[in-house]
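Okay, here's what each chain looks like letter by letter:
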Amino acid sequence: MRKTRIIGTGSYVPKMVLTNFDLENMVDTSDEWIIERTGIRERRIAGKDEASSDLAYEASLRALKASGVKAKDIDLIILATTTPDMAFPSTACILQDRLNARKAVAFDISAACSGFIYALSIADQFIKEGTYKFVLVVGSEVLSRITDWSDRTTCVLFGDGAGAAVLQSSTNRHGIISIHLHSDGALKDLLFIPGGGSRNPASKKTIEKGLHYIKMKGNETFKIAVRNLEEAALEATKSNNINASDIDLFIPHQANLRIIQAIAKRLDLSMDKVFVNIDRYGNTSAASIPIALDEAVSEGRLKEGDLILMEAFGGGLTWASALVRW
Ligand code: UT7
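What you are looking at is a predicted structure, and each value in this text was computed from that prediction instead of being measured.

**Quick notes on helix α4 (residues 91-99)**
Argument step 1. Along α4, the residues that are buried comprise T91, A92, L95, Q96 and L99. Seen along its axis, α4 keeps its buried residues to an arc of 145°; they face one direction.
Argument step 2. For α4, the secondary structure elements touched by its buried residues are α3 (52-67), β4 (76-80), β5 (105-109) and β6 (135-142).
Argument step 3. Where α4 terminates, the next one or two residues include N100, which has phi positive at roughly 60°.

If you want it as structure tokens, here you go:
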């Protein structure tokens, strides 16, 4: 039976580092509060000339290099982002052009922080069906452009970055074992950007009201994230007849260290089986999982045959899991 295997990963973060101490000079906050409540110490901020496609391009070059696949051989590019370069064309099309991936079909998907796993699931279908051979899946975000830098309840959380993976079919035991996706639009007002779309098109008024910035009910989102991610992890393990203790590395969405620790505790997973880089990047939404996956690879945290559970949660609400045999 045909499976989908990740054959190369790459990531890119912008050079500029914004520390909690820098934020102390911008809003009424403290390094101590941010570390204690979120686990974040610093995050990266894109340069003035950098957009999502630029970050995606750098991450993709690295993933292509790691995989040994040439851009001209990529059949499909799926890019997950909440911060596209522009409403259209898709950031995936802009990336396709930059990579000179001439034969690739390219499109974006919008699933907020769950975007990378959603994109992975689409790629998985196309590969399992035999439609496409090589697929590039990317999560890229410049959240600093949609962050209200005067709102201390959100501006300390987010950062910019991109991660990418090249996928190919496999006929052995290595590859994606299962992906489970979930959505609940009834909870759309917990985490959203009200302005700039067809509901509230950009105007002087929407800008004055700050409707083009991320709004989040942090506390409610936190509780639902912990509950849903625990349930999703149990769904992934039960449906594959394994126990949480069989997981070699858990790669969760990096939104809040306390959320990550709470899920690990509920699953009885020790923290040395959990990949954490939120301290350095904050929440990079759709880029969070692929950056973490790439760092896990480059730090030698994954060996052939390891069982990895990736989990994401974000605006929509959306949440998802992917169980992978490395
Ligand atoms: O990726 C998408 C999914 N996102 C998430 O899963 C994020 C989920 N939410 C969270 O991570 C947390 O809810 C936050 C980190 C956003 C907030 O932490 P919290 O422990 O839930 O704090 P809170 O919102 O209950 O606020 C506690 C206090 C409040 O003060 P009062 O009302 O108790 O006086 C806030 O005003 O902390 C205050 N506060 C801050 N103080 C210093 C809120 N933000 C800050 C800040 N610095 N940056």
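Here the narrative resumes, following the displayed structure.
**Points about the site of the ligand**
Argument step 1. For the ligand, the set of nearby residues contains 23 residues, the closest of which are T29, R37, N219, N256 and N283.
Argument step 2. Between the ligand and the protein, one listed contact pairs an oxygen atom with a side-chain N or O atom of R37 at 2.7 Å.
Argument step 3. Here an oxygen atom of the ligand and a side-chain polar atom of N256 are 2.7 Å apart.
Argument step 4. The dominant element in the shell around the ligand, judged by the number of residues it contributes, is helix α8 (residues 218-239), at four residues.
Argument step 5. Looking at the shell around the ligand residue by residue, the class counts come to 10 nonpolar, nine polar and four charged.

**What about the sheet that holds strand β8 (residues 175-183)?**
Within a sheet, each strand pairs with its neighbour through backbone hydrogen bonds, oriented either parallel or antiparallel.
Argument step 1. Ordered by their spatial adjacency, four strands build an open sheet running β8-β13-β12-β11, and the pairing between neighbours is mixed. Edge positions in the sheet fall to β8 and β11 (249-252), since each of these pairs with one other strand and no more. Here the average twist between neighbouring strands, direction ignored, is 10°.
Argument step 2. Pairing geometry for β11 and strand β12 (residues 307-314), over four bridges, is parallel. Within the sheet, the bridge partner assigned to P252 lies in β12 and is E311.
Argument step 3. In the packing of α8 onto the sheet, contacts are made with β8, β12 and β13 (318-325), and the angle to β12 comes to roughly 150°.
Argument step 4. Across the sheet, helix α11 (residues 288-298) lies against β11 and β12, angled at about 150° from β11, the strand it touches most.

**Regarding the side chain of D31**
Argument step 1. Secondary-structure assignment places D31 in helix α2 (residues 31-38).
Argument step 2. For the buried D31, no salt bridge exists, and the shortest N-O distance to an oppositely charged side chain is 5.4 Å, to R41.
Argument step 3. Within polar-contact distance, the side chain of D31 engages the side chain of N20 at 3.0 Å.
Argument step 4. When residues no more than four places from it in sequence are discounted, the contact partners of D31 are N20, F21 and E24.

**Comments concerning the packing of α8 against helix α9 (residues 257-266)**
Argument step 1. Close contact between α8 and α9 brings their axes to 9 Å; oriented N to C, the two are set at 35°. In this structure, α8 crosses over α9, and the sense of that crossing is right-handed. Residues F222, A225, V226, R227, L229 and E230 of α8 pack against R258, I259, A262, I263 and R266 of α9.

Reading guide: rules and limits
Residues numbered from 1 in each chain as written. Predicted model: local features only at pLDDT ≥ 70, side-chain atom pairs only at ≥ 80, totals over all residues. Heavy atoms only, no water. Buried < 20%, exposed > 50% of the residue type's maximum accessible area, 1.4 Å probe, protein only. Helix = DSSP H or I, 4+ residues; strand = E, 2+ residues; numbered from the N terminus. Arc of directions from axis to C-beta. Contact = heavy atoms within 4.5 Å. Near = heavy atom within 4 Å. Polar contact = N/O pair within 3.5 Å; in protein donor to acceptor, adjacent residues only side chain to side chain. Nonpolar A, V, L, I, M, F, W, Y, C, P; charged D, E, K, R; others polar. Pairing = 2+ DSSP bridges. Axes fitted to C-alpha atoms, helices over the stretch in contact; angles between N-to-C directions. Lys, Arg positive; Asp, Glu negative; His and termini not counted. Salt bridge = Lys/Arg side-chain N within 4 Å of Asp/Glu carboxyl O. Left-handed = near helix turned anticlockwise from the far one by under 90°.

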